[in-house]
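# Structure at a glance
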Amino acid sequence: MPSDNTRPYVTLTFAQSIDAKIAGAGGRQLSLSGEESMKMTHWMRTMHDGILIGVGTAVNDNPQLNVRLLPFPAQNTHFRHYHHPRPIVLDPHLRLSPTCKLIDNAAKGVGVAPWVISAPPPKIEGFFASEDDDEKLQRWGARRDALQAAGATVILVEPETIHPDLPPATSNLSLRAVLRSLREKGIRSVMVEGGARVIQSFLSERLVDALIVTTAPVLVGRDGVGYGEGLEQIPSLEYIQTEFLGRDTVVALKLSS
Ligand SMILES: NC(=O)C1=CN([C@@H]2O[C@H](COP(=O)(O)OP(=O)(O)OC[C@H]3O[C@@H](n4cnc5c(N)ncnc54)[C@H](O)[C@@H]3O)[C@@H](O)[C@H]2O)C=CC1
Ligand SMILES: Nc1nc(O)c(N)c(N[C@@H]2O[C@H](COP(=O)(O)O)[C@@H](O)[C@H]2O)n1
């Protein structure tokens, strides 16, 4: 559990092959999970307030992130539909398309509209200033307006700071700032689904409460996308439980304190 109430509970979950790849060559999306473990993923989705991915996954997979695989709720109860988690996309440069499935599904009522977390390109003074800073900001503003017009909400947080004397790096957002902002907006639990860089960041920064990994009995090979190679810090893990779902193995762990 988070030690205080300043961030949501974080469940990091993804599917991998037995050689620890989460996608194929060039990032090709793979159906690694079998039917049973995919349904488990949708059950986990409905148990969280939010579901978070990086923009790499959003652009590559055009995912839905809803709970469409769950059985129709029992009739004649007060319970008419399952809770759809709020999709949250880490997208510093606003690459998400205003016509993506996340936005389209919300318009059709089969999901809720995404929150897109971003940071405007900084206006840098002095040595690091560049002539096209204003133009970058204008283009970012135009993309923000297009996303908001389509139904997404753009939320601003600060970018990651590599060194206090350098301008902020704009390719990554500060995960602590992201989680703090989500908690302030009422998100008490978030399921992080990937992709590779986001998995690396959450693990390296030890911002994970529960880790649920589905392993499918397939090999992808060296050209597939892994996440382990880029882990800057390796947190120690505490084993909780293993379940066998169809042909897949699902392991639950938590980070040791
Ligand atoms: N098997 C599985 O369970 C899953 C597989 N995938 C696969 O992962 C691949 C995408 O992975 P990536 O290209 O690594 O993209 P990604 O989805 O990890 O997004 C990375 C992007 O997020 C943004 N970002 C903002 N703040 C960040 C931070 N603090 N740390 C990291 N990223 C931050 C950056 O712009 C960065 O380029 C796809 O091939 C997709 O199919 C994605 C999700 C689950
Ligand atoms: N649990 C799981 N198993 C797989 O085999 C996967 N490829 C993924 N990928 C994640 O799920 C997203 C797709 O969700 P929708 O089916 O579009 O709702 C994908 O973008 C990854 O985040 N997960």
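This section reports on the structure supplied with the text. Per chain, residues are indexed from 1 in the order of the written sequence. For naming, the first written chain is A and the first written ligand is 1, with later ones following in the order written. Thresholds applied to this predicted model are a pLDDT of at least 70 for local features of residues and 80 or more for the giving and counting of side-chain atom pairs; totals over whole chains, interfaces and linings are not thresholded and use all residues.

## Notes on the pairing of strand β4 (residues 86–90)
Along β4, five of the five residues are buried, which leaves the element largely enclosed by surrounding structure. Of the two faces of β4, the one lined by R86, I88 and L90 and the one lined by P87 and V89 are each fully buried. Any two strands are treated as partners once DSSP identifies two or more bridges connecting them. Strands here are runs of E lasting at least two residues and helices are runs of H or I lasting at least four, both read from the DSSP assignment and numbered beginning at the N terminus. As judged from the five bridges shared by strand β3 (residues 50–54) and β4, these two strands associate in the parallel manner. Note on β4: the bridge partner recorded for G54 is L90. Examined bridge by bridge, β4 and strand β5 (residues 115–118) share three bridges and lie parallel to one another. Paired with L90 across the strands is I117, a residue of β5. With the strands aimed away from the viewer, a crossover counts as right-handed if its path from the first strand over the helix to the second runs clockwise. At this point the chain moves from β4, through helix α3 (residues 101–108), to the parallel β5, and the crossover so formed is right-handed. Whether a residue is buried, exposed or partly exposed follows from its count of other C-beta atoms within 10 Å of its own C-beta, namely 20 or more, 12 or fewer, or something in between, respectively; the C-beta atoms are built from the backbone.

## Digging into the site of ligand 1
Ligand 1 sits among 29 residues. The nearest are A23, G54, G56, G194 and G195. Counting residues per element, the ones that place at least two in the shell around ligand 1 are β1 (9–17), β2 (21–23), β3, α2 (55–61), β7 (189–194) and α6 (196–204). Of all the elements, α2 adds the most residues to the shell around ligand 1, at five residues. When residue character is reported, Ala, Val, Leu, Ile, Met, Phe, Trp, Tyr, Cys and Pro are called nonpolar, Asp, Glu, Lys and Arg charged, and the others, Gly included, polar. The class makeup of the residues in the shell around ligand 1 is 14 nonpolar, eleven polar and four charged. By definition, a residue lies near a molecule or strand provided its backbone-derived C-beta atom is within 6 Å of it.

## Quick word on helix α4 (residues 133–150)
The span expected for a helix works out to 1.5 Å for each residue beyond the first. Its 18 residues give α4 an end-to-end C-alpha distance of 26 Å, which sits within 8% of 26 Å, the value for a rise of 1.5 Å per residue. Of the residues flanking the end of α4, it is G151, one or two places downstream, whose phi is positive at about 120°.

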